[in-house]
Amino acid sequence: MGQNMSAGGAGFSPFYHGDDLNASTLAVGVNQWLSAELPGSPSPRSGHASAISEDGSCMWVYGGFWEDHQGENKVCFQELYRFHIPSRTWALIPTTGPAPDTPCSQSAVIVGHTLYVFGGTGVPFGQTNGHSMYLCNLRTFVWTVAENNPDDEPSPRFGQAMVNSKTGYLYLFGGTNFFSFTGDMYRFSLVTNKFERVTFTGDPPSPRYRHTMVQHGDSLLLFGGGSPFPSREEFEMTFFYRFHLATNVWTQEPLLPDEHFGFPLGRRSHSTVLLEHANLLVMGGLLDTVETTLDCWVLDLTTLRWSHRPSMSTWPAAAYFHSSEATPEGLVITFGGVLSDRTRTNHVCLFHTRVPPLSALCVEAVAQQRLFSRDQCAAGGVPEHLLRKIFPG
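Heads up: these notes are all about the structure in this document. (Residues numbered from 1 in each chain as written. Predicted model: local features only at pLDDT ≥ 70, side-chain atom pairs only at ≥ 80, totals over all residues. Heavy atoms only, no water.)

### Details of the overall build of the protein chain
Basically, it comes down to this: Secondary structure elements are taken from DSSP: a helix is a run of H or I of four residues or more, a strand is a run of E of two residues or more, and numbering for both begins at the N terminus. We compute the radius of gyration from the C-alpha atoms alone; for a globule the expected value is 2.2 Å times N to the 0.38, where N is the number of residues. Exposed residues in this analysis have more than 50% of their type's maximum accessible area, buried residues have under 20%, and partly exposed residues fall in between, with area computed by a 1.4 Å probe over protein chains only. Contacts are assigned to residue pairs that have any heavy atoms within 4.5 Å of one another. Only the protein chains shown count as cover for residues, and the accessible areas themselves come from Shrake-Rupley with a 1.4 Å probe. Charge convention: Lys and Arg are scored as positive, Asp and Glu as negative, and His as well as the terminal groups of each chain are ignored. The location of each charge is read from NZ of Lys, CZ of Arg, CG of Asp or CD of Glu.
Counting its secondary structure elements, the protein chain contains 3 helices and 28 strands. Here the C-alpha radius of gyration of the protein chain, 20 Å, is about what a compact globule of 393 residues would show, namely 21 Å. Counting only C-alpha atoms, the protein chain reaches 55 × 50 × 50 Å along its principal axes. Relative to its 393 residues, the protein chain shows a buried fraction of 55%. Contacts in the protein chain between residues at least 24 apart in sequence constitute 55% of all its contacts with a sequence separation of at least 6. Of the accessible surface of the protein chain, which amounts to about 16700 Å², a share of 52% is contributed by carbon and sulfur atoms. Charged side chains in the protein chain number 25 positive and 35 negative. The centres of these two groups are separated by 3 Å.

What follows is the structure in structure tokens.
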């Protein structure tokens, strides 16, 4: 298990300029960022994996990496945390079974009540890389490993992208073993827990790592990434790669620029989340080996036009190796990562992209005030699906 490198304490970031708020609630308005380190939070880290529950009530975080300024002391964290979004509270979750032992730059996806974690590396980077799929039951908190023929599993790697295709498979693309980069694709059956290599045609992405991939309709969309020989042209965001699930064909899709700001610069180690109305949010990243960015862009997946968001680009989060998730109610959540001064953070940053529905505000109020027990809420007629959001575990 990783050790706690700092004793978390509450404290607001100066980036929030709204009314005075209670630090325990992390209330946040529309179109403004709020950042805080919360009691019980994970220690500062980067390269962790996160995934959000299907109902949007919890963000789960596994693994990560920390080192001091001199690079002499390094820690990889083999621990699972739950961030309960309505109450804004962290919990370290004790688990049993064989947990992933390569916890840096892994990929994580939640389907139902199962957390799937693949790949990753340890310290020194590239010396030990993961190639198995780990499953954690989020009701019993027991880890298991999917048994596969070694010839069918992906090669050991980290920095790959993995996504739920909504077709009964998890798809993963790319990654590196530190010495070489790959452009292959595998899918993992949610029924049999078996891997199979995907044979594809068309115009595929070049080998890369720390790219992002999302599912949209009947396609997977891939953005950015890096390789041993980074090329702004190769990884520029003037286009994206679309993988057509029905035909296993890759295509390049040209994009339209923001009328005033043009295109986002090519990047890796950024984050992307899907918002409502077919909008994709891209945040932060590494532009090359040293230059970072905090800019935020939204891609309209209907018109394929970029829109730069200066108001969001003041986000107080880490520039790269962070993780981001979004709830169905339009709340964007980022955690951890590396700041522009190369230090790591354990702050949670929140941004509402729209006014939440009344039901979501009520869930947050009940979860944060803690005036009623689960039984009292149930007796008062609170529906079961809202009870599950208010009271995790």
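### Quick look at the packing of aromatic side chains
Aromatic ring pairs are described here by two measures, namely the spacing of the ring centres and the angle between the planes. Note the following rule: Aromatic rings from Phe, Tyr and Trp, with only the six-membered ring used for Trp, were paired whenever their centres fell within 6.5 Å, and each pair was classed as stacked if the ring planes differed by under 30 degrees, edge-to-face if by over 60, and tilted otherwise.
Counted according to the given criterion, the structure contains 24 aromatic pairs. Between Y62 and W143, the ring centres sit 5.3 Å apart and the planes meet at 65°, which makes this aromatic pair edge-to-face. One end of the pair, Y62, is in strand β4 (residues 58-62); the other, W143, is in strand β12 (residues 143-145), with 81 residues separating them in the sequence. Exposure class is identical for Y62 and W143. Each is buried. Geometrically, the ring pair formed by F173 and W250 is edge-to-face, given 5.4 Å between the ring centres and 65° between the ring planes. Pair noted here: F173 is in strand β14 (residues 169-173) and W250 is in strand β21 (residues 249-254), with a separation of 77 residues, a long-range link. Its relative accessible area of 0% is what places F173 among the buried residues.

### Brief notes about a nonpolar patch on the surface
Applied cut-off: The patch calculation keeps residues exceeding 30% relative accessible area without a salt bridge and links them within 9 Å when they carry like charges or within 5 Å when they are nonpolar (Val, Leu, Ile, Met, Phe, Trp, Tyr). In what follows, salt bridge is the name for a side-chain nitrogen of Lys or Arg lying within 4 Å of a carboxyl oxygen of Asp or Glu.
Together, V123, F125, F178 and F179 line one region of the surface with nonpolar side chains, adding up to about 440 Å² of accessible area. Structurally, F179 can be placed in the loop between β14 and β15 (185-189). Take F179: its relative accessible area is 67%, and that puts it in the exposed class.

### Describing helix α1 (residues 358-369)
Where we set the bar: A helix's residues, less one, multiplied by 1.5 Å, set its expected span.
Relative to the 16 Å expected for 12 residues at 1.5 Å per residue, α1 spans 16 Å between its end C-alpha atoms, a close match to the ideal helical length. For α1, the elements touching its buried residues are β7 (80-84) and α3 (384-390). Trailing α1 by a residue or two, R370 shows a phi angle of about 55°, which is positive.

### Points about the pairing of strand β28 (residues 348-352)
Applicable threshold: By definition, two strands form a pair when at least two bridges between them are found by DSSP.
By the criterion of burial, β28 is predominantly enclosed, with 5 of the 5 residues buried. Neither face of β28 is open: one carries V348, L350 and H352, the other C349 and F351, and all of them are buried. Note that strand β2 (residues 33-37) and β28 share 4 bridges and pair antiparallel. Bridging across to β28, W33 finds its partner in F351. Relative to β28, strand β27 (residues 331-335) runs antiparallel, the two being bridged by 5 bridges. Bridging from a neighbouring strand, V332 pairs with F351 of β28.

### With respect to the pattern of salt bridges
Taken as a whole and judged by the stated rule, the model has 12 salt bridges. Between D184 and R157 there is a salt bridge whose closest N-O contact spans 2.7 Å. Pair noted here: D184 is in the loop between β14 and β15 and R157 is in the loop between β12 and β13 (161-164), with a separation of 27 residues, a long-range link. Each member of the pair, D184 as well as R157, carries the same accessibility label: buried. Of the charged contacts, one joins E384 and R374 as a salt bridge, the two residues approaching to 2.9 Å between their closest N and O atoms. One end of the pair, E384, is in helix α3; the other, R374, is in helix α2 (residues 374-379), and 10 residues separate them in sequence.

Everything listed here is a matter of coordinates, which is why it stays silent on function.
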